[in-house]
Amino acid sequence: MAIDSKIAFLGGGNMAEALIKGMLAAGVAKADQILVSDVSSERLELLNKTYGIVIQRSNKDAATQADIILLCVKPQIIDVVLSKIELVANHEKLVISIAAGVTIARIEKMLTNKPRVIRVMPNTPALVLSGAAGLAAGSTSTVSDMMTAQQIFGAVGRAVVVEEKLMDAVTGLSGSGPAYVFTIIEALADAGAKAGIPRELALELSAQTVYGAAKMVLETHEQPGRLREKVTSPGGTTIEGLHMLEKGKLRETLMNAVAAATARSRELGK
C-alpha cells in the first residue's frame, strides 16, 4: 500500500538513500513525493539524478512542503536542525527521527508546535534492503502514524515497535550488531584461510554461512539452540568447535558487547 503524502528527508546520507531506494522499489512512494535537503549540492544532484526525487537546499523549505519529515542527521547537529524547522513542524506533520540517542521528549520539547513524533533506530544492512529497525511512538503519535513509519522502514528490512525505554538496548543489539557480525565473518574467513582455503573463497563461504544461519532462524521460527542441536552430532566436528567457543567465552563476550554499547547509547543521549 502506497503512502499518499509528501515525504521530506532532512539529510541525504547513506541511510536516507537506502530508505528512498527501498520505498521506490517497494512502491511505498513515488519519486515526486520525496524531497531531500542536504548541505552538499553534489550529494543532492546525485540523488536527483539517480532517483528523480525533488531536492531542496533548505531544511525549512523541505519541511514546509512535506507531510512527513524524516530527521536523517547526526545527533550532534539535531538541535540546529530542529531550530530551523520549529515554526513549520506543526501538529499536522509527522516527524520521524533516526538520530541515535536523541529522545522523543527532547524533540517534542524543541518543536513547540507539537508535531507527532516517532523515534527509530535503524541499522546499516538497510543499505542492502535487509535492515532491522526499532520504532518507538511519541506522546501524540497515532496508530496510523506508526503504520506509516513501519511502511517506510519495512521497505528496507524488518521494522518492529518497541517502548522507547528499550531504544538504547535496540541500539546496542541491532544498531551496533552488524559490526559484531562483520567481525565474526572476518574471523571465520581468516580461520578458513589458515586451514588452506583461498582467502576470497573463505570469505564467501563465511558470509554465506552466517547469512544462511540467520535466514534459518527467521524463516523456521525455531530457537537457535534447537537448530544448533540439529547440526551437532555426538563426538563430531561441530561439538569440538562449540567446545572451543565456550572456552573462549564467545557467548559472554557478545553479551558484554551489547551491554557496553547499550550503556554508551544512554550516555550519548544525556
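Structure: see above.
Summarised in this report is the structure supplied together with it. The structure presented is a predicted model; accordingly, all values stated were derived computationally and were not measured.

### Some details on the pattern of salt bridges
Next, step 1: Here the structure, examined in full by the defined rule, presents 11 salt bridges.
Next, step 2: Across the pair Glu17 and Arg43 runs a salt bridge whose closest N-O atoms are separated by 2.7 Å. Separated by 26 residues along the polypeptide, Glu17 in helix H1 (residues 14–26) and Arg43 in helix H2 (residues 41–51) bring together distant segments of the chain. In terms of burial, Glu17 and Arg43 fall into one category: buried.

### Considering unusual backbone geometry
Next, step 1: Despite not being glycine, Lys114 has its phi angle at roughly 60°, a positive value.
Next, step 2: Relative to the helices and strands, Lys114 resides in the loop between helix H5 (104–110) and strand E6 (116–121).
Next, step 3: One non-glycine residue, His221, lies in the positive phi region at around 60°.
Next, step 4: Summarising the element assignment, His221 is placed in the loop between helix H9 (199–220) and helix H10 (224–231).
Next, step 5: Residue His221 is classed as exposed on the basis of its relative accessible area, which comes to 67%.

### Regarding the pairing of strand E4 (residues 68–71)
As a general feature of sheets, a regular strand has side chains that alternate between the two faces.
Next, step 1: Every second residue of E4 is oriented toward a common face, with Ile68 and Leu70 on one face and Ile69 and Leu71 on the other, all of them buried.
Next, step 2: Two elements, strand E1 (residues 7–10) and E4, share 4 bridges in a ladder whose sense is parallel. Bridge pairing in E4 links Leu10 to Leu71.
Next, step 3: Across 4 bridges, the pairing between E4 and strand E5 (residues 94–97) is parallel. Across the sheet, Leu70 pairs through a bridge with Ile96, a residue of E5.
Next, step 4: Handedness of the crossover is the feature at issue here: the chain leaves E4, passes through helix H4 (residues 78–85), returns alongside E5, and the resulting connection is right-handed.

### Some remarks on the nonpolar core
Next, step 1: With 35 residues, the main nonpolar core has Phe9, Met23, Leu70, Ile96, Ile152 and Phe153 as its most contacted residues.
Next, step 2: Counting residues per element, this core draws most heavily on H1, at 6 residues.
Next, step 3: Not counting residues up to four positions away in its chain, the partners in contact with Phe153 are Leu19, Leu70, Ile96, Ile98, Val120, Pro122, Ala133 and Ala159.
Next, step 4: The next biggest cluster of nonpolar side chains, apart from the first, holds 27 residues, and it includes Leu35, Ala63, Val73 and Ala136.

### Overview of helix H12 (residues 250–268)
Next, step 1: Between its first and last C-alpha atoms H12 spans 27 Å; for 19 residues at 1.5 Å apiece the expected length is 27 Å, and the two agree.
Next, step 2: All of the buried residues in H12 are Ala261, Thr262 and Ser265. For H12, the arc enclosing every buried residue in end-on projection is 100°, short of the 170-degree limit, so these residues lie on one face.
Next, step 3: Buried positions along H12 lie against helix H7 (167–175) and helix H8 (177–194).

What counts as what
Residues numbered from 1 in each chain as written. Predicted model: local features only at pLDDT ≥ 70, side-chain atom pairs only at ≥ 80, totals over all residues. Heavy atoms only, no water. Salt bridge = Lys/Arg side-chain N within 4 Å of Asp/Glu carboxyl O. Helix = DSSP H or I, 4+ residues; strand = E, 2+ residues; numbered from the N terminus. Buried < 20%, exposed > 50% of the residue type's maximum accessible area, 1.4 Å probe, protein only. Pairing = 2+ DSSP bridges. Right-handed = clockwise from strand over helix to strand, strands pointing away. Core = buried A, V, L, I, M, F, W, Y, C linked by side-chain atoms within 4.5 Å. Contact = heavy atoms within 4.5 Å. Expected span 1.5 Å × (residues − 1). Arc of directions from axis to C-beta.

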